[in-house]
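Breakdown of the fold
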Amino acid sequence: MTDRSGIFAGDDPIALAKSWLAEAKKTELNDAIAVSLATVDQSGMPNVRIVLLKEIEDNAFVFYTNYESSKGQELISSGKAALNFHWKSLRRQVRIRGLVEKEDGAQADAYYNSRPLDSRIGAWASQQSRPLLNREELENAVRENKDALGASPERPPHWGGFRIKPLEMEFWADGPNRLHDRFKWEKPDIDATWTINRLNP
Ligand SMILES: Cc1cc2nc3c(=O)[nH]c(=O)nc-3n(C[C@H](O)[C@H](O)[C@H](O)COP(=O)(O)O)c2cc1C
């Protein structure tokens, strides 16, 4: 067993991540929901970029993107991903490793429809991660899509959500003299129960 207390207490790591994120939303300058998303391509080469975390569900972290982007292809082909939050104002980090699921149903439609019209058009116009000749080419694509799609476009089939269902979560908080606190939660599969270990900093 571990001597978890204070900010590390609780028996559900997803609820704990939720409460750390709620704190970060009060203290971060902006984008407390920004999270690094790590993937690997088919040759095993890692890749990482920021996305905005839009929902924390009972057993998953959800963000939205283009399925044909580099990250989209890497998430779909490997079925695995890692996330990393770093909240500088709190001096805390949360690391997540888990399995990937697409959210391309009603929930993705609802989120897409909640976005400003220009963002909805942008999701149609941008062939994310593919080469672009110049800015004008993108602006032309936006104009053409705007004219063709009207005021209430449907969610593009190439755009939607991903759920990361954690198998590992680590909570890290800054300590004096680099003697940080780390607690790692692990389970062998999605339906198993968590085991928790305190780790050396
Ligand atoms: C603060 C911030 C938030 C971002 N949020 C998203 C997002 O939610 N979804 C997304 O597709 N890209 C987002 N991006 C852009 C990605 O970092 C990345 O440039 C883009 O998705 C292409 O990545 P890929 O080529 O690896 O697929 C964000 C970038 C920043 C800096």
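In the block above lies the structure referred to throughout.
Residues numbered from 1 in each chain as written. Predicted model: local features only at pLDDT ≥ 70, side-chain atom pairs only at ≥ 80, totals over all residues. Heavy atoms only, no water.

What follows deals with the pattern of salt bridges. As enumerated under the stated definition, the model contains 16 salt bridges in all. Of the charged contacts, one joins Arg-130 and Glu-68 as a salt bridge, the two residues approaching to 3.1 Å between their closest N and O atoms. Residue Arg-130 is found in the loop between helix H4 (117–125) and helix H5 (135–149), and its partner Glu-68 is found in the loop between strand E3 (61–66) and helix H2 (70–78); the two are separated by 62 residues along the sequence. The class of Arg-130 is partly exposed, set by a relative accessible area of 33%. By relative accessible area, Glu-68 is classed as partly exposed at 39%. One network of salt bridges, with partners in common, ties together Glu-57, Glu-101, Glu-103, Arg-163 and Lys-165. (Salt bridge = Lys/Arg side-chain N within 4 Å of Asp/Glu carboxyl O. Helix = DSSP H or I, 4+ residues; strand = E, 2+ residues; numbered from the N terminus. Buried < 20%, exposed > 50% of the residue type's maximum accessible area, 1.4 Å probe, protein only.)

On to the side chain of Ser-69, then. Positionally, Ser-69 belongs in the loop between E3 and H2. Residue class for Ser-69 comes out buried when judged on its relative accessible area of 0%. Only 2.6 Å separates the side chain of Ser-69 from the backbone oxygen of Asn-66, close enough to count as a polar contact. One polar contact links the side chain of Ser-69 to the main-chain amide nitrogen of Gly-72, over a distance of 3.1 Å. Once residues within four sequence positions are removed from consideration, Ser-69 is found in contact with Gln-128 and Ser-129. (Polar contact = N/O pair within 3.5 Å; in protein donor to acceptor, adjacent residues only side chain to side chain. Contact = heavy atoms within 4.5 Å.)

If you look at the biggest cluster of nonpolar residues, it comprises 33 residues, and the most contacted ones within it are Phe-61, Trp-87 and Phe-171. Elements supplying a minimum of two residues to this core: helix H1 (13–27), strand E1 (34–40), strand E2 (46–56), E3, strand E4 (80–87), strand E5 (92–103), strand E6 (159–173) and strand E7 (181–186). Looking at this core element by element, the count peaks at six residues for H1. Excluding anything up to four places from it in sequence, Trp-87 contacts Trp-20, Leu-21, Ala-24, Glu-28, Ala-32, Arg-92 and Val-94. Counting residues in hydrophobic clusters, the runner-up holds seven residues, among them Ala-108, Tyr-111, Ala-123 and Trp-159. (Core = buried A, V, L, I, M, F, W, Y, C linked by side-chain atoms within 4.5 Å.)

Any link to function would need more than the numbers given here.
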